[in-house]
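Close look at the chain arrangement
As a plain string of letters, each chain reads:
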Amino acid sequence: MHAPMHDLFDAAEAEAGGAAQFAEDAWLLRGFALDRAAALLEAIDAITAQAPFRHMETRRGLRMSVAMSNCGALGWVSDRRGYRYAARDPLDGQPWPPMPAVFARLAAQAARAAGFDGFKPDACLVNRYEPGTRLSLHQDRDERDFAAPIVSVSLGLPATFVFGGAARGDRVQRLSLRHGDVVAWGGASRLFHHGVLPLAEGSHPLLGARRINLTFRRAG
Ligand code: MD3
Ligand code: FE
């Protein structure tokens, strides 16, 4: 029998800045990005001034409720042709905005704190959630290299993150991700199914009624 999740996280928080393992090769760094939140938000504004948030379509033609943008050499895109990484923004044909130094440094530091040395992401997906926005259970498998971890940074309103295992039917667990939290997923957990429950109403002092999640990957 596993210990209840909240027990694990209480223990994690007592560790003051340390990495807490909550699944195989999956680590929570509670508040790791807090000291850089303002710089991150400024960089997000600059990125989305050039590559605005948009609701992509799934292969089946459904509008995703998460609004997305990207920075870095590669950006994740979805349309009627399917999911893939692309070097240019389909809205204007231009390269995605470059990855800001504050992003690359945070991703590498967080990966190292979770035991994944030498992480150099070439893609950062910027997800925007508003109350009611959700992300259904899926795997991240459009990247070329599953050996590299994925690092995720949460800003703004809290969200309930749901994750299972390698098989779609595996039992799921829940984890609350709050402003400034960073999660690193590698090894066995890299292909775990995961999603985000509909965002609850609320107002965050810096972001209002929004949550922004940065997801750093080695895609190419
Ligand atoms: C677990 N984003 O963009 S980040 C996604 O909060 C995505 O926006 C969510 O899932 C969000 O694909 C979750 C945490 C995350 C990211 C990648 C993972 C968890 C993961 C890959 C494997 C396992
Ligand atoms: Fe994902």
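Everything quoted here is computed from the prediction, not taken from an experiment.

Conventions and cut-offs
- Residues numbered from 1 in each chain as written.
- Chains lettered and ligands numbered in written order.
- Predicted model: local features only at pLDDT ≥ 70, side-chain atom pairs only at ≥ 80, totals over all residues.
- Heavy atoms only, no water.
- Helix = DSSP H or I, 4+ residues; strand = E, 2+ residues; numbered from the N terminus.
- Rg over C-alpha atoms; globule rule 2.2 N^0.38 Å.
- Buried < 20%, exposed > 50% of the residue type's maximum accessible area, 1.4 Å probe, protein only.
- Contact = heavy atoms within 4.5 Å.
- Areas by Shrake-Rupley, 256 points an atom, 1.4 Å probe, with all protein chains shown as cover.
- Lys, Arg positive; Asp, Glu negative; His and termini not counted.
- Charge placed at Lys NZ, Arg CZ, Asp CG, Glu CD.
- Donors = N, O, S within 2.8 Å, 3.2 Å for Na, K, Ca; no water.
- Near = heavy atom within 4 Å.
- Polar contact = N/O pair within 3.5 Å; in protein donor to acceptor, adjacent residues only side chain to side chain.
- 1 Å grid on protein atoms, 1.4 Å probe; cavity = no way out; pocket = protein on both sides within 12 Å on 5 of 7 lines; lining within 4 Å.
- Sits in = over half its atoms within 2 Å of the grid points.
- Nonpolar A, V, L, I, M, F, W, Y, C, P; charged D, E, K, R; others polar.
- Points joined across faces, edges and corners; volume = space filled by probe spheres on them.
- Salt bridge = Lys/Arg side-chain N within 4 Å of Asp/Glu carboxyl O.
- Expected span 1.5 Å × (residues − 1).
- Arc of directions from axis to C-beta.

1. Quick look at the overall build of the chain
When helices and strands are counted, the chain shows 3 helices and 13 strands. For a compact globule of 220 residues, the expected C-alpha radius of gyration is about 17 Å, and the chain comes in at 16 Å, within 12% of that figure. Across its three principal directions, the C-alpha atoms of the chain cover 50 × 40 × 40 Å. Sorting the 220 residues of the chain into buried and exposed places 51% on the buried side. Across the chain, contacts joining residues at least 24 apart in sequence account for 72% of those joining residues at least 6 apart. Surface accessibility of the chain: about 10,500 Å² in total, with carbon and sulfur atoms responsible for 52%. Where the 26 positive side-chain charges of the chain centre and where its 23 negative ones centre are 6 Å apart.

2. Side note on the coordination of the iron ion (ligand 2)
Taken together, the protein ligands of the iron ion (ligand 2) are His138 (NE2), Asp140 (OD) and His194 (NE2), with distances of 2.0 to 2.2 Å. When the donors of the iron ion (ligand 2) are listed by position in the chain, the intervening gaps give H-x1-D-x53-H. With aspartate 140 in the loop between strand E7 (135-138) and strand E8 (150-156) and histidine 194 in strand E12 (residues 194-196), this pair connects stretches of sequence that are 54 residues apart. The burial state of aspartate 140 is the same as that of histidine 194; both residues are buried.

3. What about the site of ligand 1?
Close to ligand 1 lie 19 residues, the nearest being Asn127, Tyr129, His194, Arg211 and Arg217. A distance of 3.1 Å separates an oxygen atom of ligand 1 from a polar atom in the side chain of histidine 138. In the environment of ligand 1, an oxygen atom lies 2.8 Å from a nitrogen or oxygen atom belonging to the side chain of arginine 211. Bound to the protein, ligand 1 loses 98% of the 500 Å² it would expose on its own. Using a 2 Å cut-off from the grid points, one finds that ligand 1 occupies the largest pocket. Secondary-structure elements contributing two or more residues to the shell around ligand 1 are strand E6 (123-129), E7, E8, E12 and strand E13 (211-217). Split into classes, the residues belonging to the shell around ligand 1 amount to 8 nonpolar, 7 polar and 4 charged.

4. Some thoughts on the layout of surface pockets
Within this model, the largest pocket holds a volume of roughly 770 Å³. Lining the largest pocket are 38 residues; nearest its centre among them are Leu135, Ser136, His138, Asp140 and His194. Of all the elements in the fold, those that place two or more residues in the lining of the largest pocket are E6, E7, E8, strand E11 (182-185), E12 and E13. For the lining of the largest pocket, the residue count by class is 16 nonpolar, 12 polar and 10 charged.

5. Details of the pattern of salt bridges
Applying the stated criterion across every chain, the model contains 10 salt bridges. Between glutamate 57 and arginine 80 there is a salt bridge, with the nearest N and O atoms lying 3.8 Å from each other. In this pair, glutamate 57 sits in the loop between helix H2 (37-50) and strand E3 (67-71) while arginine 80 sits in the loop between strand E4 (75-79) and strand E5 (82-86), placing the two residues 23 residues apart along the sequence. Given the relative accessible area of 33%, glutamate 57 is considered partly exposed. Measuring nitrogen to oxygen at the nearest pair gives 2.8 Å for the salt bridge that ties arginine 190 to glutamate 143.

6. A look at helix H3 (residues 101-113)
For H3, built from 13 residues, the straight-helix expectation of 18 Å at 1.5 Å per residue is met to within 8% by its first-to-last C-alpha distance of 18 Å. Inspection of H3 places Val102, Phe103, Leu106, Ala107, Ala110 and Ala111 among the buried residues, and these make up the whole buried set. Around the axis of H3, the buried residues are gathered within 155 degrees of arc, so they sit on the same side.

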